[in-house]
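Listed below, chain by chain, are the residues.
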Amino acid sequence: MKKYLKLFRVEQWVKNTFVFLPVFFAGKVLQWELLVESFLAFVIFSLTASAIYIINDYSDIASDRMHPEKKNRPLASGAISKLTAKLLLLALLVVVVGLCFVAKELVGEVVWKFCTVIVAYFVLNLAYTFKLKHIAIVDISIIAIGFVLRVFAGGYLTGILVSQWAILLTFVLALVLAMGKRRGELVNAAISGKSRKALDGYNVQFADIALSMSVTLAIISYLMFTVQPDVQEKFGNRIFYTFIFVVFAFLRYLQQTLVYNKTESPTKIVYKDRYIQITVLLWVFTFLTFIYLNK
């Protein structure tokens, strides 16, 4: 079972929690129906992402076998056969289509917007897998767009309009994570003496500048979100002070990236860094408290 979970990259599903942001930022986390719809969006997006991971691993078997860590992936190591991977890929796609019909029963004809986002994500990531991941800047932009599509998916399935500031915040936050990963890969490549095509067009100095710029934009975007009239009407003007958690989390991430070089995989921070975990939990708790108090 473990090898199948590894093939599906279940640990990466944490990225798909972005589909819950529309409900969260709209202050409607106490509405059970919207949470169910968001969870369905999460499952569909996660299975679609797993299908992409299988295609990516299948196409990179040869190169992964030469990588010190990726050689342990199920397909590269031979733990799962190519035929099994193809059958699992087909099964995932069938389940995704089936769940889209379930979504239609919940939200009606507007489900086509959600399905369009899922198809766009799938096609975009196919292009990323086979070509675009080797083009500097385009690669991290596609990763960031993928996070924006997650937010749109959650918004379309729940019928919640996503604000422009929330979209911008999501995009630049994803850029921070993607650039942090690229920087970690650059540092590791310099240590090991082994690089790869995806790193062409990057160097550590450029990564540091782009990372700092993205963090600055993310903080500004969050501040602008908190001072929007409709946001302050929902949560009260005290919501502005949650910026403290946001700034601390970004500073911690920069410390891990620039000082300790520990961010080749951003998801590792979510699972391992206690400071960021506590900060995120405090931020979520504060948000929920403000929602409850304002109700």
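Because the structure is predicted, anything quoted here is derived from the model rather than measured.

Q: Could you clarify how one ought to interpret a nonpolar patch on the surface in this entry?
A: A contiguous nonpolar surface patch, about 410 Å² in accessible area, is contributed by W32, V36, V102 and L106. Mapped onto the nonpolar patch, the elements with two or more residues apiece are α3 (32-59) and α6 (82-107).

Q: Is there a simple way to explain the pattern of salt bridges in this structure?
A: If the charged atoms of two oppositely charged side chains come close together, the side chains can form a pair. Across all of its chains, the model carries nine salt bridges by this definition. One salt-bridge network, in which partners are shared between bridges, spans R9, D57, D64 and R73.

Q: Please explain the state of the cysteines as it appears in this structure.
A: Among covalent bonds in proteins, the disulfide is the one between the sulfur atoms of two cysteines. Inspection of every chain in the model, using the stated rule, returns zero disulfides. Here C100 is not disulfide-linked; the sulfur of C115 is the nearest cysteine sulfur, at 3.9 Å. Taking relative accessible area as the criterion, C100 reaches 13% and is therefore assigned buried.

Q: Just to check I follow, could you spell out α6 for this structure?
A: Along its 26 residues, α6 runs 37 Å from first to last C-alpha, staying within 8% of the 38 Å computed at 1.5 Å per residue. The complete set of buried residues in α6 reads A85, L88, L89, L92, V96, L99, C100, A103 and V107. Those residues of α6 that are buried lie in contact with α1 (2-8), α3, α5 (74-77), α7 (111-130) and α8 (138-158). Among the residues trailing α6, G108 stands out with phi positive, at a value near 85°.

Rules of the game
- Residues numbered from 1 in each chain as written.
- Predicted model: local features only at pLDDT ≥ 70, side-chain atom pairs only at ≥ 80, totals over all residues.
- Heavy atoms only, no water.
- Patch = residues over 30% accessible without salt bridge, like charges linked within 9 Å, V, L, I, M, F, W, Y side chains within 5 Å.
- Areas by Shrake-Rupley, 256 points an atom, 1.4 Å probe, with all protein chains shown as cover.
- Salt bridge = Lys/Arg side-chain N within 4 Å of Asp/Glu carboxyl O.
- Helix = DSSP H or I, 4+ residues; strand = E, 2+ residues; numbered from the N terminus.
- Disulfide = S-S within 2.5 Å.
- Buried < 20%, exposed > 50% of the residue type's maximum accessible area, 1.4 Å probe, protein only.
- Expected span 1.5 Å × (residues − 1).
- Contact = heavy atoms within 4.5 Å.

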